[in-house]
Structure formats: structure tokens, C-alpha cells
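Residues per chain, in single letters:
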Amino acid sequence: MKFAVLVFPGSNCDHDCYHALKHVVGVETSFVWHKEESLAGFDGVVIPGGFSYGDYLRCGAIARFSPIMKAVETFAREGGSVIGICNGFQILVEAGLLPGALIRNRGLKFICADVSLRVETTGTPYTAEFRKGEVLTMPIAHAEGNYVADPETLEKLKRNDQVVFRYCDAQGNATDAANPNGAMDNIAGIVSERRNVLGMMPHPDRCAEEILGGGDGLRLFRSMVGSLSESRV
Amino acid sequence: MKAKVYVTLKTGVLDPQGKAVEQALHALGFKEVGDVRIGKYLEIALNGATREDAEKRVREMCEKLLANLIIEDYRLEIVP
Amino acid sequence: MKAKVYVTLKTGVLDPQGKAVEQALHALGFKEVGDVRIGKYLEIALNGATREDAEKRVREMCEKLLANLIIEDYRLEIVP
Amino acid sequence: MAFDAAVEMTEEIAARHGLSAEEYGRIVGHLGRAPNITELGIFSVMWSEHCSYKSSRVHLKRFPTTGPRVIQGPGENAGAVDIGGGLAAVFKMESHNHPSFIEPYQGAATGVGGILRDVFTMGARPIASLDSLRFGPLTDPRHRTLLEGVVAGISGYGNCIGVPTVGGELFCHPSYAGNILVNVFTLGIAKADRLFRGTASGVGNPVIYVGSRTGRDGIHGATMASAEFDDESDQKRPTVQVGDPFTEKLLLEACLELMSMDMIVGIQDMGAAGLTSSSCEMAGRAGTGIELWLEKVPRREPGMTPYELMLSESQERMLIVAKAGRETEVMEIFEKWDLPVAVVGRVTESGTLRVMDGGRLAAEIPVRALTDEAPVYNRPIARPSEQEERNRLDSSDLPEPAAEPADYGRVLKTLLAVPGIAHKGWVVRQYDHMVRTNTVVRPGSDAAVIRIKGTRKGLALSVDCNSRYCWLDPRMGGALAVAEAARNISCAGGTPLAVTDCLNFGSPERPETMWQFSEAVDGISEACAALGTPVVSGNVSFYNETNGAGIYPTPMIAMVGLLEDIDKRAQQGFRKEGDAIILLGETLGRLGGSEYLAAIHGLERGAPPALDLDLEKRVQAACREAIRAGLVSSAHDASDGGLAVALAESCLSGPDPIGARVDLPNPDGARADEVLFGEAASRIILSVPEGKIAEVEAVARRHEVPIARIGKVGGEKLEISAAGQGLVSEAVAGLDDAWRNALARQLGVSE
Ligand SMILES: Nc1ncnc2c1ncn2[C@@H]1O[C@H](COP(=O)(O)OP(=O)(O)O)[C@@H](O)[C@H]1O
Ligand SMILES: [Mg+2]
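A short tour of the structure in this document, coming up. On a predicted model such as this, the values are computed, not experimentally measured, just so you know.

### Some remarks on the overall build of chain B
So, step 1. In terms of regular secondary structure, chain B is built from two helices and three strands.
So, step 2. Order of helices (α) and strands (β) in chain B, N terminus to C terminus: β-α-β-α-β.
So, step 3. Its C-alpha atoms put chain B at 50 × 25 × 15 Å along the principal axes.
So, step 4. Contacts spanning at least 24 positions in sequence make up 68% of the contacts within chain B whose residues lie at least 6 apart.
So, step 5. In the form shown here, chain B has an accessible surface area of approximately 3,800 Å², with 52% of it arising from carbon and sulfur atoms.
So, step 6. If the 13 positive side-chain charges of chain B are averaged to one point and the 13 negative ones to another, these points end up 2 Å apart.

Have a look at this one:
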């Protein structure tokens, strides 16, 4: 089992994702430079957070044209596991691999803080270790995480059980007060129709070890690795 | 030749920055201010090509990169 | 009435965003692209007042809030 | 600046470059002729206060700068200390005060960019930053805007480049109304035997320019940072430098990649005075000369003159001296990262800086004239006459302390809402303080703690300076800043290792300011010597003065400490109901120079707390030992606002707010306000599980440290009495609101 962590100019959570996968989860992991064109030999792809191309123009808008993104598209089309975290999520929506868009936080400012997340579905390779409705704690760190989509898209996401995480309060209520960035319907993460491409604003890579204050991120990565090993046997 | 490109959020898409500026203007006493919408304004220098060609190419740039058509509209002008 | 405000970086001031977009356009094959500069475009709805009044007030808004005159210039139009 | 080479040189033009008639005479002496305009420009920036340290150098020599762990002391781009395991911690602090006052966002952003370059220039990967900020009162809308802008700028740059801002300081005071301070510290990690230095050795080696193209940014920035503001500064505004954190990120990665190979002999960032200072300083350190070919310099704008190219302060640029023959490989690395790169000169044996512009000689100056032989001033020093008066405090002049506990509760809440004490959530939420996943103690405790991946080690970081103390007594203030920084480190469980400083003062041409400066240097030196924490790098910012009004002397101290075992650490918040509250150090503080006196009585006077460096050392050692033996649940030093504020902070900053019941000893019947809010050095509040109290007492005894059991953690109220007399009884929720939401409230924003 082997994971790719993509590196774009301006990625800055690449090392964090690499560390979590390689040293905490313990799976084989390699960096893949954005100018590469192939993902052959990889079982999963992580698009890490950061500020690819400085977040200039729109977050993710320039990165999505990097050569590696063609390979990501093919990889995803063939059912491969792709997880985009924060800027990775932004790149995935810009690339059209996930629906909707991520705009400026409603408070306009960058927010770095722990938030509570409600697990909305366990029917994804990334959430198998969770319970539906369970409340997780994960850090967010972004200025553009305000998820928007047109009503039909939103309807479809709900109908197909594609909303994976919602911002909520400690009791699990997805209230407006618990919504840090104004995201529609408190959406913090969604999965593709085929359920293999996950985009999320919160950072599992920042909560994969107890010393950093929590392990919910580790459970997410373990779910991903676990589902992949199952699907291989 | 030069292209001027205006990228604006589609009506219906919330514009948090516009809202904030609107409130700030009110706070500064500009009570006459109604809705404020904030977009991008790009000036692109273009080498060679005819006006029609230029317009076609810039339109392509907008569709591909400069605007995210899910949330944004664009408008362009070609000036000499 | 409505004001359209264009806020652009002063000449000589570095525009990292414009530079990045310029390079991205080149990489996408738009070789004819020269310098790209990115600014802001604001649409401000205005209630009441005459055209002259409006212009004066919007100018004031620009100086006070909308443009950072240390690095930015602005231009405005009043449209009905 | 519409100068050209044909300009006839006059003393007046020299004066406009901030050079005195005497200095101009020396320039003519060095050259044996009148300088041309480019040469004058080069001299003016190299001899500016900012680059030459001409007024401070004689004093800075008094700092203790050596020690068993010091790998690199002052004089390089950053200092470095050995943290074991073959690793070095590389760090420095810098000011960006003047630019931030003119354009807060870009000023602060480029300040972050500059200090990051200082650190990765040494071959270290930056892993954490701290920011120390000073503004005028937040009741002034201008200062609210400045604070918003500065924080946004630090956040915009630091977040983008992916270096967490893990802590800092914020203080508001009228003395900063005309001169805000923005000091940023960055720390990086390098292999101890792979540090790079800014030196241009090896005659014939190529000089390579890399990074952003050169534009007309910040020409005269270095001289501006050395000139007082006056009402005309608004007109003199130079082109503001705009930061591009994205390019810096590429530069960082590319430089680290380059430095992992064996291709270069020296590297230095182009900071203040850009191409000029980087080339002369590198040649100066190596005793060589440099020839530059300006036509090769990548540029952003057409028609730039040699003067502009040499003085531009465009950001995100580096100058490299490579090994001859390795040019192509060096260039390939930068091309991979899409960065402009060019060979722009070579190292010579001439000992001169020779600037060629398309075959024309644009400037030729002996390097030593620009570096070692730059002017050094031993400026006049005079103790301000009102100093004595400032230090006089008769507490019988103060209104009688009120008797009602509700009144002390109100005082406590007022103090908790002072920007310097208030919860900094509004600030730190905007900083990515977690990226790189090393932040083990986040902002909000005495010191931030970051782990060093691949080891069991951690580093504790803190930045401190009580400028009110420094104004009342700069020597004591300087020493107290060092003591507090070290104490904060010890409260986290770290052993203080070394210091970097940023000395912010008014005009050095004022004897009173020079007195403050000299005294502060002595205070810092004494404390650093006593605590065994040498000064390994630093920065001086003079001329923080507007229309004759200078800032309070602000010698900012950033301290780095080492945790050999990251699991043996502590934070300031109470964590467990039922824990005993124990005070290490003296119980009674004094009102002189206290936050209480300033915030409640509008008085800034008296003597700052006395500092017994030996006691300080013992208190810190005892605290560290207790933490490392796993005896404590929390540790917090008592600084601004005294014991009452420290206790409240411990109640409010744990995982969940929790109450406490405390009875403070008061054997001599001191005034209640003194007991609650009096300030003293060398005090630490521990919370200790019942079963460990005896062991903690034994530790204290061994270190001969005064220890008092003063209360218990628990409940929903903070109740404080003195010798049995109830003084404070406040619901934790109310205190929490007063503290947590204070900044947002004062800024008029909702959280
Ligand atoms: N400007 C700032 N940026 C980041 N963190 C800050 C800033 N100001 C204060 N903090 C953090 O808030 C906490 C309290 O700061 P302070 O009251 O200055 O602590 P202390 O008195 O122990 O030095 C510390 O963790 C500090 O790092
Ligand atoms: Mg402290």
C-alpha cells in the first residue's frame, strides 16, 4: 500500500500529511511534485493544505492546471482514493472533481482553531471507523472555507449522502453559531458521488497524535488505509 | 492591445467582503450606501493579434482560469 | 444611482497576484499575454442624491476606506 | 529620486541622505574624491543607524555572547545554539516598526518575510515565529486600524509560507501613539555542522542573484528606519514594499534544497539596503572584494539607475556566492522552483566593491569603508533629571483601597481586560499556529512549546518586556525582561538557553535616550550572565520618536529554552479539581510600576520590582524540577497584575475554566491592593495533586526557595482572601467573559 502526497508550489501541509501517514499510521508514502504526470503505483492520493500558488486569483485556481492534476482526474475516475484537505479541497472543487465552491469566510478573517464536526455518514472509505452522528474535534486553518453550491447541487449532495462532515457544537447540533465560516448547511466536507474523492476543510493531519491534542485525524487516516486494504483482498 | 476584465460574484452568491464594506461605510456615516458588491478587475496586456482574435482568446482565459463560473460572471473589454 | 469603483495598484508597486496569473496564463498556452495587473472592482448602490453629490461622496469613501492610497489608485464612475 | 550620475555632489544632498557634514567629509576622505550619487547612496545606507549600528555598537559589546552551547553569536544573519543530537536552533528577532506605521499590512508582512530569510539564510528550516506588538491606546480608532492591519499582515505572510506563529506579546500605551512597534522572532532548526554564513570567500567565485526581480520598492527604507518621523513624513513616503509570501516560500524551499548540497560558500538575504548591504557585508566578512554587473540583475521595471538598483529593498531576494564551476547546477535548482536567477558578479581580491553597469563603472568603494570603518559613535549619555521623581511612590498618596470585595472583583475584571493581559484569542485565531504539526503548547500559556520531530526534545519560546518598568528604571527593566522570559520558559518545563533581543528606543541623539539604552543593555547583560543565557543575535531600532516624543524604552527579549523530554512539560491553566495551589517565591508584591497603578489609578511611578537574580534562578530551577518529576498539574508565573491576575489566568486558561479558593498570607498587614495586585519578580504559581505536595515542598527546600500553600483548585468561583479576610469572590464565568472577550470588545468586533 502506497500513498502519494502531492506537492504544489506553496503547499505547506505536505510534510504534515507525510508525517501522519508515514510515521503515525505507518504506511508507505512519497511526495509527488506537481510537474509529474503519473500516479502509477499509488493506492491513494493526498492533496495537502497550504497556499498553492499563493492562493492568488482564487484558492486552488492555478494549481488545478498543474500536470499532476490530469493524473489525479484519471486516478479518481478509476475509483482511486483521493483526499483533499483545506487547500486540497479547494483544488478539488476548482478542478471540478467535487461540486460547489469555497469562498471567503463570512467573518473575512483567517481562522485557526479547533472546531467540532459531526460525522454525517460512515458510508465512505474515510469514515468507516467513526459512528454516524459522532462529534469529532479537528483544527481548521483557512480564510476561504465557506462552502457554497447552487440549490440543486446541495439537494443532490444531501440526497446521495455525500455530506461527510458538518460543523456543529459540542453536543452535535449543527447550529449557525457553531459554523465558523458561513458554509452552506454547515458543510465541512463532502465526498464524490462514487464516494472515493473526499474534500474537507478541517485538518486530520493536525490531530493524528495525542501530543497534538487529539486523535480523530488518525482515525480518519486509519479508516482510509483500512478500507483500501479490504478492497485489495 | 489591452484587455480589461471584470469578474463579479453571481447574483445570489453571498459576498461577505461586500457586506463588510457596506457595514463599514455605514459606520463611517455614508448612510446613502445600499448594496456593495466586490469583484476583481484585471488589466491584461496583449501582444499582437486583431481585436476579434484578442476578444476570443481573453474569453477563453476567463472561462478557463480567470473566473470560476460556478460562482462568478465576467465581462471584458478590449482597448487599444 | 450606482457607483463603479476601480481600485488598482500604483505603478511600480509589486503585484504578486498579477505575476502569478501571468505565469499561469503562459503555462496554459496564452503566450500573447504580457503584464497582468489585478485590482478590485466595486459596485456600490447609492440612495438619493444628485450625480455631483454622489461623486463627491464616493470619492470620500475611496479616500477613507476603499483604496489604500499608499499603494493604490482609484477611479470611479457614477451610473444611473 | 531623480538623481543621475551627472549630479554635482553637495553637503546638502548628503544631508538629504541622512549623512552629517562630518560624515560626508569622511566619505570624501575614504574615496580621495567626491562620491558620485550612487556611491553616496551606498554610503548613506551602509552608514545608516539601521545597517551600521553606529550609536549602539559600543554598548552591545557588553552583552555576554558566549557559552558552551553557542555555535553562532551576534554578527551573522542569526544566532545559533546547540540543542544536542547534532541539531542547532537558529533564531533572531527583528523590528519593522516604521514601515508598519505607514502601511500596517505590508509593513508587518515584509517584517515577517525579512526575519524568515535571516533564519533560512543560515541553512535552518524555520519552524516557529513569535510577534511582539506595541500600539497606542485602542480607544484611538487609528490604532485599532493599525492593530487590525499588522495582525492581518503577519497572518497573511506567516500563514502562507507555512511557519506557525506560536506566541507573542501585545501591549498598548500612549507612548506608542506615534510609533508602533512590530517585532518578529523566528526560529529554525539546522544540522549543527551545516550552518551557512554570509561570506564571500574564494576569489573568482560567482556571485548569484536569486528571487524576485528588483523594482523601485522601499528605496531609502534603511535610512527611513533610522530617521525620526515628523509631520512631513507623510510626504516623504517611499514606495512601500509589498511582500510576496508565495515567492518567499519557493525561495525557502529552493535555498534549503541548494544548501543540502555542496555548491555554495556563502549566502545572505537582501534585506535593508538590498544588493548593497548583502554584497558589502559578505565581502567584509571574508576580507575580499566584489564586482557586480548591474545589467545582469533581474528587474521588474525599465530604466532603473544604478542608484536605484543598489538601494532597492525589493523583498524575497538572496545573494549567493557559489563555488566556481557550480553555477549551472545552482541555477538549475532555482529554475526548478520557477525563480529568477542570474550570475551578477564575482568575488575579487581587490577589497573593493566595484559596481559595473553595462561596462560603465558606476561605483567603486573600499569595502572596509562601508563595513568595519563605518562611523561608530559614543554618544553623550545623561540620566533624565525626572528619573528620581518617577521612582518616588508614597502609597499613602493613593486613595484608600475600597473595602468591598465587589470592588476588588471589579478591579480584577478591569485588569483582565487590559490589552496586555486580556486573552489574545482575537489575534492568535488569525495566525496559523499549528502548521508543521509541532505546536505542543499553543499560544495562551507562558511559553509556547514546539516539538522537534525525530527526537524526544522540545523547545520553549517566549518574548517579554515590560516597558513601563523600563521607563521607570531601564537597567532593572532590562534585567526583569530577561528574568520574565526565562521564567516563562521554566514554567513550561524548559531550560533557558539563549536570548535574542530587539532594542526599540527613541532618538540616540538624545542623551536621555542613550542613557536608557546603555542602562538597559547593562541590565540585560547582568541578567543574561546570571541566568546563563547568552545573547546570540539581536536588532536595534532607534528613532522611534515622533515630534520629539519617544516611546518608552522597549528592549524586547525573546528566550529559547530546551525540553530534553517533551512529555515533561507544563501549561499555565489549572486542570484538576482538588489540586493544591502552591506559590514559589515571595508572597507580597509592590505597587511601584504595576499594571494596577496604571490601569486603576492612572499612575506610572515608583520603582519596578526588585530582582534577586540568585533567587530567580533557584525559583526557576525548583519549578523545572517539579515539572520534570511529574509533580505539578500546571505552572504559571505571576507578572502583570500580580497574584490575583495570575490566579485568574490559571483559572481561565485550562481545558475548561475552573474556580479556585485562595488565602494569601499577609503577616505584616499590607494593603489589600498590594497583596492582590502588587507585582514582584521570581514568583510561580503551581497546582499540585494532593499526594505530591510533600515532594514539591522537598524540591523547594532543596533549592532554598520560599514556598507557600495558598489554596485549592475547584468550584465555579475565584475566591481570594488575605489572612482570612475575603477580598475577591467572582464567578469564573464573569471573569472569563471580561478576559476572553476584552480585545474583541475594544476593537468593536464580535467573536
Ligand atoms: N501578539 C501576539 N501574538 C501571538 N500570541 C500572543 C500575542 N500576544 C500574546 N500572545 C500569547 O498570549 C499569551 C499571554 O501573553 P502574555 O500575557 O504576554 O504572557 P506572559 O505574561 O506570560 O508573557 C502567551 O501565550 C502569548 O504567547
Ligand atoms: Mg508569564
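### A word on the coordination of the magnesium ion (ligand 2)
All names here are of chain D.
So, step 1. Summarising the metal site, the magnesium ion (ligand 2) is bound by the protein donors Asp-446 (OD), Asn-488 (OD1) and Asp-637 (OD), whose distances to it range over 2.0 to 2.2 Å.
So, step 2. In primary sequence terms, the donor set of the magnesium ion (ligand 2) follows D-x41-N-x148-D. Note that Asp-446 is positioned in the loop between β14 (439–441) and β15 (448–451) and Asp-637 in strand β23 (residues 634–637), a separation of 191 residues in sequence.
So, step 3. Among the residues examined, Asp-446 registers a relative accessible area of 12% and is labelled buried.

### Topic: the interface of chain C and chain B
So, step 1. Facing the 33 residues of chain C at the interface are 33 residues of chain B.
So, step 2. Summed over both sides, the interface of chain C with chain B buries roughly 2,800 Å², with 64% coming from carbon and sulfur.
So, step 3. Per-residue buried area on chain C facing chain B is highest for Phe-30, Glu-32 and Tyr-41 of chain C; these three make up 22% of the total on that side.
So, step 4. Linking chain C to chain B there are two salt bridges.
So, step 5. Taken together, the links from chain C to chain B amount to 15 residue pairs in polar contact (both at pLDDT 80 or more).
So, step 6. Mapped by element, the contributors of at least two residues to the side of chain C that touches chain B are β1 (2–9), α1 (16–27), β2 (33–46) and α2 (51–66) of chain C.
So, step 7. With 14 residues, the single largest contributor to the side of chain C that touches chain B is β2 of chain C.
So, step 8. Of the pairings in the sheet, the one linking strand β2 (residues 33–46) of chain B to β2 of chain C comprises 11 bridges and is antiparallel in character. By the bridge assignment for β2 of chain C, Tyr-41 of chain B is matched with Gly-39 of chain C.

### With respect to the relation of the copies chain C and chain B
So, step 1. Relative to chain B, chain C is turned by 180 degrees and slid 0.0 Å along the rotation axis, the superposed coordinates differing by an RMSD of 0.1 Å. Both copies are brought into coincidence by an operation consistent with a two-fold rotation axis.
So, step 2. Here 100% of the interface residues in chain C have copies in chain B that are interface residues too; the copies meet face to matching face.

### A few points about the site of ligand 1
Residue and element names in this part refer to chain D.
So, step 1. Taken together, 20 residues lie around ligand 1, and Asp-131, Gly-444, Ser-445, Asp-446 and Asp-464 are the ones closest in.
So, step 2. A distance of 2.5 Å separates a nitrogen atom of ligand 1 from a polar side-chain atom of Asp-131.
So, step 3. The separation between a nitrogen atom of ligand 1 and a polar main-chain atom of Glu-169 is 3.1 Å.
So, step 4. Calculation on ligand 1 without its partners gives an accessible area of 550 Å², and the protein chains cover 90% of this total.
So, step 5. Looking at the shell around ligand 1, the elements with two or more residues in it are β4 (125–135), β5 (165–172), α18 (425–428) and α20 (474–492).
So, step 6. If one sorts the elements of the shell around ligand 1 by residue count, β5 sits on top with four residues.

### Description of the sheet that holds strand β11 (residues 197–200) of chain A
All names here are of chain A.
So, step 1. Read from one edge to the other, the open sheet built from nine strands follows the order β2-β1-β3-β4-β11-β10-β9-β6-β7, with strand pairing classed as mixed. Single-partner strands in this sheet number two, and they are β2 (28–33) and β7 (135–142). Recorded for the sheet is a direction-independent mean angle of 25 degrees between the axes of neighbouring strands.
So, step 2. Pairing geometry for strand β6 (residues 111–119) and β7, over eight bridges, is antiparallel. Following the sheet pairing, Arg-118 is matched in β7 by Val-135.

### Things to note about the packing of helix α2 (residues 51–66) of chain B against α1 of chain C
So, step 1. Interhelical geometry of α2 of chain B versus α1 of chain C gives an angle of 110 degrees and a closest axis separation of 11 Å. The angle between the axes of α2 of chain B and α1 of chain C places the two elements in the roughly perpendicular class. Together, Met-61, Leu-65 and Leu-66 of chain B of α2 of chain B and Val-21, Ala-24 and Leu-25 of chain C of α1 of chain C make up the contact between the two elements.
So, step 2. When grouped by side-chain class, the residues that make up the contact of α2 of chain B with α1 of chain C number six nonpolar, no polar and no charged.

### Side note on the packing of helix α7 (residues 104–120) of chain D against helix α8 (residues 141–161) of chain D
Residue and element names in this part refer to chain D.
So, step 1. With their axes 7 Å apart at the nearest point, α7 and α8 run at an angle of 40 degrees to one another. Judged on the interaxial angle alone, α8 and α7 are oblique. Crossing angle aside, the handedness with which α7 passes α8 is right-handed. In this structure, α7 contributes Pro-104, Tyr-105, Ala-108, Ala-109, Val-112, Gly-113, Leu-116 and Arg-117 to the contact, and α8 contributes Leu-146, Gly-149, Val-150, Ala-152, Gly-153, Ile-154, Gly-156, Tyr-157, Gly-158 and Ile-161.
So, step 2. Looking at the contact of α7 with α8 residue by residue, the class counts come to 12 nonpolar, five polar and one charged.

### Some thoughts on the arrangement of the chains
So, step 1. Of all five pairs of chains in contact, the one with the most contacts involves chains B and C.
So, step 2. A gap remains between chain B and chain D, which never touch, and the nearest two C-alpha atoms on either side lie 11 Å apart.

### Considerations on the environment of Thr-145 of chain D
All names here are of chain D.
So, step 1. Inspection of the secondary structure puts Thr-145 in helix α8.
So, step 2. Classification of Thr-145 as exposed rests on a relative accessible area of 53%.
So, step 3. Spatially, the C-alpha atoms of Thr-145 and Gly-493 are 37 Å apart, while their sequence positions differ by 348 residues.

### Here's the deal with the environment of Val-135 of chain A
Residues and elements named next belong to chain A.
So, step 1. The residue Val-135 is located in strand β7 in this model.
So, step 2. Spatially, the C-alpha atom of Val-135 lies 8.5 Å from that of Asp-169, the residues being 34 residues apart in sequence.
So, step 3. If we skip the residues at most four places from it in the chain, Val-135 touches Ser-116, Leu-117, Cys-168, Asp-169, Ala-170, Gln-171 and Gly-172.

### A look at the state of the cysteines
So, step 1. Enumeration according to the criterion identifies zero disulfides over all chains in this entry.
So, step 2. The closest cysteine sulfur to the non-disulfide-bonded Cys-13 of chain A is located on Cys-17 of chain A, 6.4 Å from its own sulfur.
So, step 3. You can see Cys-623 of chain D has no disulfide; the closest cysteine sulfur is in Cys-491 of chain D, sitting 4.5 Å from it.
So, step 4. For Cys-623 of chain D, a relative accessible area of 0% gives the class buried.

### Describing the interface of chain C and chain A
So, step 1. If you look at the interface, chain C gives seven residues, while chain A gives four residues.
So, step 2. Summed over both partners, the interface of chain C with chain A comes to about 500 Å²; 85% of that surface belongs to carbon and sulfur atoms.
So, step 3. Per element, the largest residue contribution to the side of chain C that touches chain A is five residues, and it comes from α1 of chain C.
So, step 4. Taken together, the residues that form the side of chain C that touches chain A break down as six nonpolar, one polar and no charged.

### Considering α8 of chain D
Three- or four-residue spacings in an α-helix give side chains the same orientation, since the helix completes a turn every 3.6 residues.
So, step 1. Taking 1.5 Å per residue as the helical rise, α8 of chain D with its 21 residues ought to reach 30 Å, and the 30 Å between its terminal C-alpha atoms agrees with that figure.
So, step 2. By the criterion of burial, α8 of chain D is predominantly enclosed, with 15 of the 21 residues buried.

### Quick word on the environment of Arg-59 of chain C
All names here are of chain C.
So, step 1. Mapped onto the secondary structure, Arg-59 falls in helix α2.
So, step 2. For the pair Arg-59 and Arg-75, spaced 16 residues apart in sequence, the C-alpha to C-alpha distance is 8.7 Å.
So, step 3. Look past the residues within four positions of Arg-59 in its chain and what remains in contact with it is Tyr-74 and Leu-76.

### Comments concerning empty space enclosed by the protein
Residue and element names in this part refer to chain D.
So, step 1. Taken as a whole and judged by the stated rule, the model has three cavities of 30 Å³ or more.
So, step 2. Taken as a whole, the largest cavity spans an internal volume of roughly 100 Å³.
So, step 3. Forming the walls of the largest cavity are 15 residues, and the residues nearest its centre are Tyr-469, Leu-480, Glu-484, Arg-487 and Ala-680.
So, step 4. Of the residues forming the lining of the largest cavity, the biggest block, five residues, is contributed by α20.
So, step 5. Broken down by class, the residue content of the lining of the largest cavity amounts to eight nonpolar, three polar and four charged.
So, step 6. As a volume, the second largest cavity reaches approximately 50 Å³.
So, step 7. Partitioning the lining of the second largest cavity into residue classes produces two nonpolar, two polar and two charged.

### Observations concerning helix α24 (residues 642–652) of chain D
So, step 1. Counting buried residues in α24 of chain D gives 11 out of 11 residues, a clear majority hidden from the surface.
So, step 2. Gly-642, Leu-643, Ala-644, Val-645, Ala-646, Leu-647, Ala-648, Glu-649, Ser-650, Cys-651 and Leu-652 of chain D are the residues of α24 of chain D that are buried.

### Digging into the sheet that holds strand β17 (residues 495–504) of chain D
All names here are of chain D.
So, step 1. Here we have six strands laid out as an open sheet, ordered β14-β15-β16-β21-β17-β18, and mixed in their pairing. Since the sheet does not close on itself, it has two edges, and those belong to β14 and β18 (535–541), each with one partner. Taken pair by pair, the neighbouring strands of this sheet meet at an average axis angle of 25 degrees, ignoring direction.
So, step 2. In this sheet, strand β16 (residues 458–464) lies alongside β15 in antiparallel orientation, the contact comprising four bridges. Following the sheet pairing, Ile-450 is matched in β16 by Leu-459.

Cut-offs applied
Residues numbered from 1 in each chain as written. Chains lettered and ligands numbered in written order. Predicted model: local features only at pLDDT ≥ 70, side-chain atom pairs only at ≥ 80, totals over all residues. Heavy atoms only, no water. Helix = DSSP H or I, 4+ residues; strand = E, 2+ residues; numbered from the N terminus. Contact = heavy atoms within 4.5 Å. Areas by Shrake-Rupley, 256 points an atom, 1.4 Å probe, with all protein chains shown as cover. Lys, Arg positive; Asp, Glu negative; His and termini not counted. Charge placed at Lys NZ, Arg CZ, Asp CG, Glu CD. Donors = N, O, S within 2.8 Å, 3.2 Å for Na, K, Ca; no water. Buried < 20%, exposed > 50% of the residue type's maximum accessible area, 1.4 Å probe, protein only. Buried area = accessible area lost by both parts, 1.4 Å probe. Salt bridge = Lys/Arg side-chain N within 4 Å of Asp/Glu carboxyl O. Polar contact = N/O pair within 3.5 Å; in protein donor to acceptor, adjacent residues only side chain to side chain. Pairing = 2+ DSSP bridges. Least-squares fit on C-alpha atoms with pLDDT ≥ 70 in both. Near = heavy atom within 4 Å. Axes fitted to C-alpha atoms, helices over the stretch in contact; angles between N-to-C directions. Parallel < 35°, antiparallel > 145°, perpendicular 65-115°, else oblique. Nonpolar A, V, L, I, M, F, W, Y, C, P; charged D, E, K, R; others polar. Left-handed = near helix turned anticlockwise from the far one by under 90°. Disulfide = S-S within 2.5 Å. Expected span 1.5 Å × (residues − 1). 1 Å grid on protein atoms, 1.4 Å probe; cavity = no way out; pocket = protein on both sides within 12 Å on 5 of 7 lines; lining within 4 Å. Points joined across faces, edges and corners; volume = space filled by probe spheres on them.

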